[in-house]
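If you want the building blocks of each chain, they are given just below.
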Amino acid sequence: MKDKNIMHPLGKYLRRCVFAVASIIIFLSLTSCRLAREYSGWERPVEDIFMGFFVTVGNHDAFFGNERIYAVFEGTGPFTFPGIEGIPFFVGTLEYEYEDAYGTGSVTTSFAEVGPGIVSDTMHTHISDNDISKTLSGTLTVSPRLADAVFRFNPVYQTADRRVYIGHGGSSVTAARISWEFEGRTQSFRMEESRTITENGVSQTLSVSVELGIAVMHPPERIVVLQMDAESNVIRRAEYLPHEMPEEITPLPATVYFIAETHRDARLNNPVIRALYEPDDEWMQTFRENGNGVLDKWVTRINW
């Protein structure tokens, strides 16, 4: 039940470098091809690096006109794009100044921006002498009422001076499914880009790979948490609305494991989903639906 997300610090790089395109592998839908032709006069500077996506919901473009939309970043984040509602999912580089007892300096580090409703299963940065690769993957979970909505994957880029913006192009998909009861991943979109950076006669390849899937889940109506003793007797039962799940739970002295029951629409073949949590499990995971139809993961600490 634990997320194993890894993000390694990234050393200083990208100092006013000249970039050359090594390869670009992009999987686009017919809609994205139409948009590429529409904005064929707009060219992205070669030094700007692909980061990931800013997902918008609705059959419309995230941008208007032929201008970039730059993100606003306040200190510790998150990144926001003025005037646009959406869900970020991208990986990039931040550089910040510091001061301590030994003096001042700067730190360059990788970061991942993962918006509400997305469960990330891979966040990884690999650094070697000749290669820097960043991989980000995850799943956006939505209610069935968004099954026919259009999800637009707007590409996000970062400039050499660390500014972040939405560019043109991208792809659009839906979460359409084969039946009312179906749950699970319905679509995914993946984009990769590699560039070769040459500085002082030394070449290094920067690769970014971002994949985001869309999954449908029937939203919880209530959560029942059972504390069980060594004889599998229920010694405490607590019921919560999804948005009332506590931040932490302290088990009774006789509790040896928990059972969390997620109760959904009674018309489903499996209206109740059960998960077991033992002393090795530090967190209890449940979901809650937001007003926009996206399901957020919620974790409750278990104070064994």
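See the structure printed just above.
Thresholds applied
Residues numbered from 1 in each chain as written. Predicted model: local features only at pLDDT ≥ 70, side-chain atom pairs only at ≥ 80, totals over all residues. Heavy atoms only, no water. Core = buried A, V, L, I, M, F, W, Y, C linked by side-chain atoms within 4.5 Å. Buried < 20%, exposed > 50% of the residue type's maximum accessible area, 1.4 Å probe, protein only. Helix = DSSP H or I, 4+ residues; strand = E, 2+ residues; numbered from the N terminus. Contact = heavy atoms within 4.5 Å. Pairing = 2+ DSSP bridges. Salt bridge = Lys/Arg side-chain N within 4 Å of Asp/Glu carboxyl O.

K.L.:
What's the story with the nonpolar core in this structure? I'm lost.
P.N.:
The tendency in soluble globular proteins is for nonpolar side chains to be buried side by side. Formed by 31 residues in total, the largest nonpolar core has its most connected members in F53, L140, F151 and F153. Going through the elements one at a time, strand 2 (49-57), strand 6 (87-100), strand 8 (118-127), strand 9 (131-142), strand 10 (150-158), strand 13 (184-199) and strand 14 (202-216) are the ones with two or more residues in this core. Sequence-distant contacts of F153, that is, excluding residues within four places in its chain, are made with F53, F54, V55, G170, S171, V173, F189, L212 and I214. Membership of the second largest hydrophobic core comes to 11 residues, among which are F54, F81, F90 and V156.

K.L.:
Help me out: how do you make sense of the sheet that holds strand 20 (residues 283-289) in this one?
P.N.:
Note on sheets: strands pair through backbone hydrogen bonds, and any given pair is parallel or antiparallel. Reading across from one edge, 17-21-20 is the order of the three strands in this open sheet, with mixed pairing throughout. The sheet is open, and its two edges are formed by strand 17 (248-249) and strand 20, each paired on a single side. Relative to strand 21 (residues 295-302), strand 17 runs parallel, the two being bridged by two bridges. For E248, the partnering residue across the bridge sits in strand 21 and is R301.

K.L.:
It is not clear to me how the environment of G213 should be interpreted in this structure. Could you clarify?
P.N.:
Examined against the element boundaries, G213 turns out to sit in strand 14. Taking relative accessible area as the criterion, G213 reaches 0% and is therefore assigned buried. G213 sits 94 residues away from V119 along the chain, and the two C-alpha atoms are 9.9 Å apart. Not counting residues up to four positions away in its chain, the partners in contact with G213 are G138, T139, L140, R185, Q187 and S188.

K.L.:
In this structure, what is going on with the side chain of T286? I would like to understand it.
P.N.:
Here T286 shows up in strand 20. Those residues within four positions of T286 in sequence are excluded, and the remaining contacts are I223, M245, D296, K297 and W298.

K.L.:
Even after reading the chapter, I still don't get unusual backbone geometry, so can you show me in this structure?
P.N.:
What is expected of a backbone is that most residues other than glycine have negative phi and most peptide bonds are trans. Not every positive phi belongs to a glycine, and R162 is a case in point at roughly 80 degrees. Considering the arrangement of structural elements, one finds R162 in the loop between strand 10 and strand 11 (164-166). For R162, a relative accessible area of 14% corresponds to the buried category. Positive phi values are uncommon outside glycine, yet S232 reaches one of about 65 degrees. Looking at the element boundaries, S232 is found in the loop between strand 15 (222-228) and strand 16 (234-240). Overall, S232 belongs to the partly exposed group, its relative accessible area being 46%.

K.L.:
What am I meant to see in the pattern of salt bridges here?
P.N.:
Oppositely charged side chains may form a pair once their charged atoms are brought near each other. This structure, assessed with the given rule, holds 12 salt bridges. Ionic pairing is found between E289 and R145, a salt bridge with its closest N-O pair at 2.8 Å. Residue E289 is located in strand 20, and its partner R145 is located in the loop between strand 9 and strand 10; the two are separated by 144 residues in the primary sequence. R145 gets classed as exposed once you look at its relative accessible area, which sits at 52%. Between E211 and R185 there is a salt bridge, with the nearest N and O atoms lying 3.9 Å from each other. You can see E211 sitting in strand 14 and its partner R185 sitting in strand 13, a full 26 residues away along the chain. You can call E211 partly exposed: its relative accessible area is 27%. One continuous salt-bridge network, built from bridges that share partners, spans R222, R237 and E239.

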